[in-house]
Amino acid sequence: MALTEPMRIMKATFVVLCVYTAFAWVQGHSAQPITGASGLSDEQHFEVRFTSHLDPVAINTMHAWTLHIQDRSGKPVTDATVQVEGGMPDHDHGLPTQPRVTKNLGSGDYLLEGMKFHMGGWWQVTLLIQQGATSDRVTFDLNL
Ligand SMILES: [Cu+2]
(Lines give C-alpha, C1' and ligand atoms only; values in the text may rest on other atoms or scores of the structure.)
Protein backbone atom coordinates (compact mmCIF):
# COMPACT_ATOMS: atom_id res chain seq x y z
CA MET A 1 0.00 0.00 0.00
CA ALA A 2 1.39 3.36 -1.02
CA LEU A 3 1.68 5.92 1.76
CA THR A 4 -0.01 9.26 1.32
CA GLU A 5 2.22 12.33 1.63
CA PRO A 6 1.09 13.22 5.19
CA MET A 7 1.67 9.61 6.25
CA ARG A 8 5.14 9.70 4.71
CA ILE A 9 5.98 12.86 6.68
CA MET A 10 4.64 11.36 9.91
CA LYS A 11 6.66 8.21 9.38
CA ALA A 12 9.85 10.18 8.70
CA THR A 13 9.23 12.35 11.77
CA PHE A 14 8.68 9.25 13.90
CA VAL A 15 11.95 7.69 12.73
CA VAL A 16 13.87 10.92 13.43
CA LEU A 17 12.37 11.13 16.92
CA CYS A 18 13.29 7.52 17.67
CA VAL A 19 16.89 8.03 16.59
CA TYR A 20 17.15 11.28 18.56
CA THR A 21 15.73 9.63 21.69
CA ALA A 22 18.15 6.73 21.38
CA PHE A 23 21.13 9.10 21.09
CA ALA A 24 19.94 11.16 24.05
CA TRP A 25 19.57 8.01 26.14
CA VAL A 26 23.06 6.78 25.26
CA GLN A 27 24.58 10.20 26.02
CA GLY A 28 22.80 10.42 29.35
CA HIS A 29 23.99 6.98 30.38
CA SER A 30 27.54 6.97 29.08
CA ALA A 31 28.97 9.32 31.73
CA GLN A 32 31.98 7.98 33.59
CA PRO A 33 31.02 6.35 36.88
CA ILE A 34 31.77 8.76 39.68
CA THR A 35 34.25 7.63 42.29
CA GLY A 36 35.75 10.95 43.32
CA ALA A 37 36.88 14.35 42.13
CA SER A 38 39.18 17.23 42.94
CA GLY A 39 38.38 20.91 43.01
CA LEU A 40 39.69 24.32 43.94
CA SER A 41 37.66 26.30 46.46
CA ASP A 42 35.89 29.44 45.21
CA GLU A 43 38.40 31.83 46.74
CA GLN A 44 41.29 29.50 45.97
CA HIS A 45 42.34 28.87 49.55
CA PHE A 46 42.00 25.11 49.43
CA GLU A 47 42.41 22.18 47.10
CA VAL A 48 39.87 19.54 47.96
CA ARG A 49 39.47 15.97 46.85
CA PHE A 50 36.70 13.57 47.70
CA THR A 51 36.88 9.81 47.36
CA SER A 52 33.68 7.84 47.63
CA HIS A 53 33.83 4.66 49.71
CA LEU A 54 31.07 3.39 47.44
CA ASP A 55 32.76 2.88 44.10
CA PRO A 56 31.17 4.06 41.91
CA VAL A 57 28.62 6.28 43.63
CA ALA A 58 25.19 4.62 43.31
CA ILE A 59 21.63 5.76 43.82
CA ASN A 60 19.83 5.20 47.12
CA THR A 61 22.80 3.79 48.98
CA MET A 62 24.08 5.38 52.17
CA HIS A 63 27.83 5.69 52.05
CA ALA A 64 30.82 7.71 53.21
CA TRP A 65 33.40 9.90 51.54
CA THR A 66 36.94 10.66 52.54
CA LEU A 67 37.81 14.32 52.00
CA HIS A 68 41.34 15.52 51.55
CA ILE A 69 42.03 19.20 52.08
CA GLN A 70 45.29 20.94 51.36
CA ASP A 71 46.40 24.52 50.91
CA ARG A 72 47.70 25.93 47.63
CA SER A 73 51.25 24.89 48.47
CA GLY A 74 50.12 21.29 48.89
CA LYS A 75 50.34 21.30 52.70
CA PRO A 76 47.58 19.23 54.32
CA VAL A 77 45.01 21.25 56.24
CA THR A 78 44.57 19.29 59.45
CA ASP A 79 42.47 21.68 61.54
CA ALA A 80 39.48 22.51 59.34
CA THR A 81 35.83 22.21 60.14
CA VAL A 82 33.64 21.17 57.25
CA GLN A 83 29.92 21.49 56.69
CA VAL A 84 28.00 19.96 53.83
CA GLU A 85 25.19 21.27 51.67
CA GLY A 86 23.80 19.82 48.50
CA GLY A 87 20.89 19.06 46.28
CA MET A 88 19.60 18.93 42.74
CA PRO A 89 19.53 22.38 41.14
CA ASP A 90 17.04 21.28 38.47
CA HIS A 91 14.62 19.83 41.02
CA ASP A 92 14.90 22.45 43.72
CA HIS A 93 15.44 19.96 46.53
CA GLY A 94 18.31 19.25 48.87
CA LEU A 95 20.03 16.12 50.02
CA PRO A 96 17.78 13.45 51.55
CA THR A 97 20.22 13.08 54.46
CA GLN A 98 22.32 15.40 56.61
CA PRO A 99 25.87 14.27 55.92
CA ARG A 100 28.47 15.21 58.51
CA VAL A 101 32.19 15.07 58.96
CA THR A 102 32.43 12.67 61.87
CA LYS A 103 36.14 12.15 62.14
CA ASN A 104 39.36 14.01 61.52
CA LEU A 105 41.57 11.26 60.12
CA GLY A 106 44.74 13.36 60.20
CA SER A 107 47.04 14.31 57.33
CA GLY A 108 44.34 16.55 55.89
CA ASP A 109 41.82 13.71 55.62
CA TYR A 110 38.29 13.85 56.98
CA LEU A 111 35.58 11.21 57.13
CA LEU A 112 32.25 12.39 55.74
CA GLU A 113 29.39 10.08 56.66
CA GLY A 114 25.75 9.94 55.62
CA MET A 115 26.00 10.61 51.90
CA LYS A 116 23.01 9.45 49.88
CA PHE A 117 21.51 10.39 46.53
CA HIS A 118 17.95 9.25 46.08
CA MET A 119 17.54 9.76 42.33
CA GLY A 120 19.52 9.96 39.12
CA GLY A 121 20.43 13.30 37.59
CA TRP A 122 22.54 16.36 38.29
CA TRP A 123 23.58 16.80 41.94
CA GLN A 124 25.75 19.44 43.55
CA VAL A 125 27.58 18.94 46.81
CA THR A 126 29.14 21.98 48.47
CA LEU A 127 31.70 21.72 51.24
CA LEU A 128 31.95 24.77 53.48
CA ILE A 129 35.43 24.78 54.89
CA GLN A 130 36.59 26.83 57.83
CA GLN A 131 40.16 27.02 59.03
CA GLY A 132 40.82 29.65 61.67
CA ALA A 133 39.67 32.97 60.21
CA THR A 134 39.58 31.57 56.68
CA SER A 135 36.39 30.20 55.21
CA ASP A 136 35.87 29.03 51.68
CA ARG A 137 33.69 26.63 49.77
CA VAL A 138 34.04 24.12 46.98
CA THR A 139 31.25 22.65 44.92
CA PHE A 140 31.30 19.30 43.18
CA ASP A 141 28.96 18.38 40.34
CA LEU A 142 27.85 14.79 40.09
CA ASN A 143 25.83 13.30 37.27
CA LEU A 144 24.19 10.18 38.58
CU1 LIG B 1 15.74 15.31 42.25
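Residues numbered from 1 in each chain as written. Predicted model: local features only at pLDDT ≥ 70, side-chain atom pairs only at ≥ 80, totals over all residues.

### Looking at the sheet that holds strand S4 (residues 81-88)
Alright, step 1. Here we have four strands laid out as an open sheet, ordered S5-S4-S8-S9, and antiparallel in their pairing. Edge strands, defined here as strands with exactly one partner in the open sheet, are strand S5 (93-94) and strand S9 (134-143).
Alright, step 2. When strand S8 (residues 122-131) meets S9, the two strands line up antiparallel, connected through 10 bridges. Residue pairing across strands places Thr126 opposite Thr139, the latter belonging to S9. (Pairing = 2+ DSSP bridges. Helix = DSSP H or I, 4+ residues; strand = E, 2+ residues; numbered from the N terminus.)

### What to know about the nonpolar core
Alright, step 1. The biggest cluster of nonpolar side chains holds 16 residues, and the ones touching the most others in it are Leu67, Ile69 and Val82.
Alright, step 2. Contributions of two or more residues to this core are made by strand S2 (46-52), strand S3 (63-71), strand S7 (109-115) and S8.
Alright, step 3. Once residues within four sequence positions are removed from consideration, Ile69 is found in contact with Phe46, Val48, Val77, Ala80, Gly108, Tyr110 and Ile129.
Alright, step 4. Judged by nonpolar contacts, the second largest core, of five residues, contains Ile34, Val57, Phe117 and Trp123. (Core = buried A, V, L, I, M, F, W, Y, C linked by C-beta atoms within 7 Å. Buried ≥ 20, exposed ≤ 12 C-beta atoms within 10 Å, placed from the backbone. Contact = placed C-beta atoms within 7 Å.)

### Some remarks on the environment of Phe46
Alright, step 1. Inspection of the secondary structure puts Phe46 in strand S2.
Alright, step 2. Looking at Phe46, the number of C-beta atoms within 10 Å reads 23, which means it is buried.
Alright, step 3. Sequence separation between Phe46 and Ser135 is 89 residues; the distance between their C-alpha atoms is 9.5 Å.
Alright, step 4. Excluding its chain neighbours within four sequence positions, the residues that come into contact with Phe46 are Ser41, Ile69, Gln70, Asp71, Val77, Ile129, Asp136 and Val138.

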